[in-house]
Amino acid sequence: MIEIKNLTKTFKGADGSFEALKNVSLTVNDGDIYGIIGMSGAGKSTLVRCINMLERPTEGKVLIDGVDMGALSEKELRSVRRNVTMIFQGFNLLMQRTCLGNIMFPLELAGVKRAEAKKRALELLDTVGLPDKAEAYPAQLSGGQQQRIAIARALATDPKVLLCDEATSALDPKTTHSILELIRDINRKLGITVIIITHQMSVVEEICNHVAILDNGTVVEEGDVATVFSTPKSKAAKRLVFPDGNDGLVYTPKEDEHILRVVFHGSEAASAPLITQMALDISITPNILSASTRTIGGKVFGNMLLGIPGGEESLRRAVDYLERVDDVITEEVTSDVK
């Protein structure tokens, strides 16, 4: 388990001090895939570097399995970092070494015998789907292949935690998907805890179980991905979930019209034309004011704003109809939608 307690990081420069992290507290359970998302400058990369003490926090603690990382000596930290490895946006491979040599490198640093290190590296090449690239050099590989080698190198010391700092930001969507599938497969098979730092909502939606949203160095919202993304509460979360600004819609109901918010919280039926079916079944045709839904893990999350014509009776019938669908919640919006 990773426990981040009241973490603050202040950088000092010629123009004064800058607080990159402000009293951040998070808990990541063993075996989880935890996303930390925010816009550029939110403090994401500083936070992940504080987890393995590449950056020393100004205040607060990072506990990994109960061990206070900040209390460790540099020698002790080097040992712990074999269990807490990291992959980066830029891959950070040694260009003068072959792929096999890159994967063997951390094992060599740990004092593992060459024959044993080579055997382990060959196994990992197979794990990441590149068994034929042992003698290739990084410059001969695509970006996705280089990241696979970086993942293999990160796994060489049998870590308990894998930190991913914008690991797919330099990749195209298809390659990103394949890398995320690899990380998910590693998480399932090896039970490694994964923390993913990203500014891409699609990455969190595809792979993460839990998410924390950072804004200006502060955690403004956290929870399971489905809940946070279907019903965001904070302004920062809404900016990520509603990039087109649907959450800021202003609408004044017409006479005899009621505004109904419909929230899909993992509904299987939401992918079907539910609103069309409602019109056919109970003869109520709503005005769709806005809609933002997304599929996460085969289920649909998000919300719609509907204008229900026909007064109180029509509203009651619409609510009764919609709430018969599993994992659909409704609430009336009683003033102008803002």
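Owing to the predicted nature of the structure, the values given are computational and were not obtained by experimental measurement.

Conventions we followed
- Residues numbered from 1 in each chain as written.
- Predicted model: local features only at pLDDT ≥ 70, side-chain atom pairs only at ≥ 80, totals over all residues.
- Heavy atoms only, no water.
- Core = buried A, V, L, I, M, F, W, Y, C linked by side-chain atoms within 4.5 Å.
- Buried < 20%, exposed > 50% of the residue type's maximum accessible area, 1.4 Å probe, protein only.
- Helix = DSSP H or I, 4+ residues; strand = E, 2+ residues; numbered from the N terminus.
- Contact = heavy atoms within 4.5 Å.
- Pairing = 2+ DSSP bridges.
- Right-handed = clockwise from strand over helix to strand, strands pointing away.

Novice: Would you take a moment to explain the nonpolar core for this structure?
Specialist: Nonpolar side chains in soluble globular proteins tend to be buried together. With 52 residues, the main nonpolar core has Ile87 and Ile151 as its most contacted residues. With 6 residues, the top contributor of residues to this core is helix α5 (residues 143–155). Ignoring sequence-local partners within four residues, the contact set of isoleucine 151 consists of Ile87, Val128, Ile179, Leu182, Ile183 and Ile186. Formed by 29 residues, the second largest nonpolar core is a distinct cluster that contains Val62, Ile64, Val84 and Val161.

Novice: Would you mind showing me how to read helix α1 (residues 44–51) here?
Specialist: An α-helix turns once every 3.6 residues. As a result, residues three or four positions apart point the same way. With respect to burial, α1 is a largely interior element, 6 of its 8 residues being buried. When we look at burial in α1, the residues that qualify are Lys44, Thr46, Leu47, Val48, Cys50 and Ile51. Following α1 by one or two positions, methionine 53 adopts a phi angle in the positive range, close to 65°.

Novice: Would you explain the pairing of strand β7 (residues 161–165) in this entry?
Specialist: Across a regular strand the side chains alternate sides, sitting on one face of the sheet and then on the other. Within β7, 5 of the 5 residues are buried, leaving the element largely enclosed by the surrounding structure. Here β7 shows two buried faces, one formed by Val161, Leu163 and Asp165 and the other by Leu162 and Cys164. Note: strand β6 (residues 84–88) against β7, 5 bridges, orientation parallel. Residue pairing for β7: phenylalanine 88 is matched across the bridge by aspartate 165. Regarding the hand of the β-α-β motif, the stretch spanning β7, helix α6 (residues 173–190) and strand β8 (residues 193–198) is right-handed.

Just distances and angles here, no functional claims.
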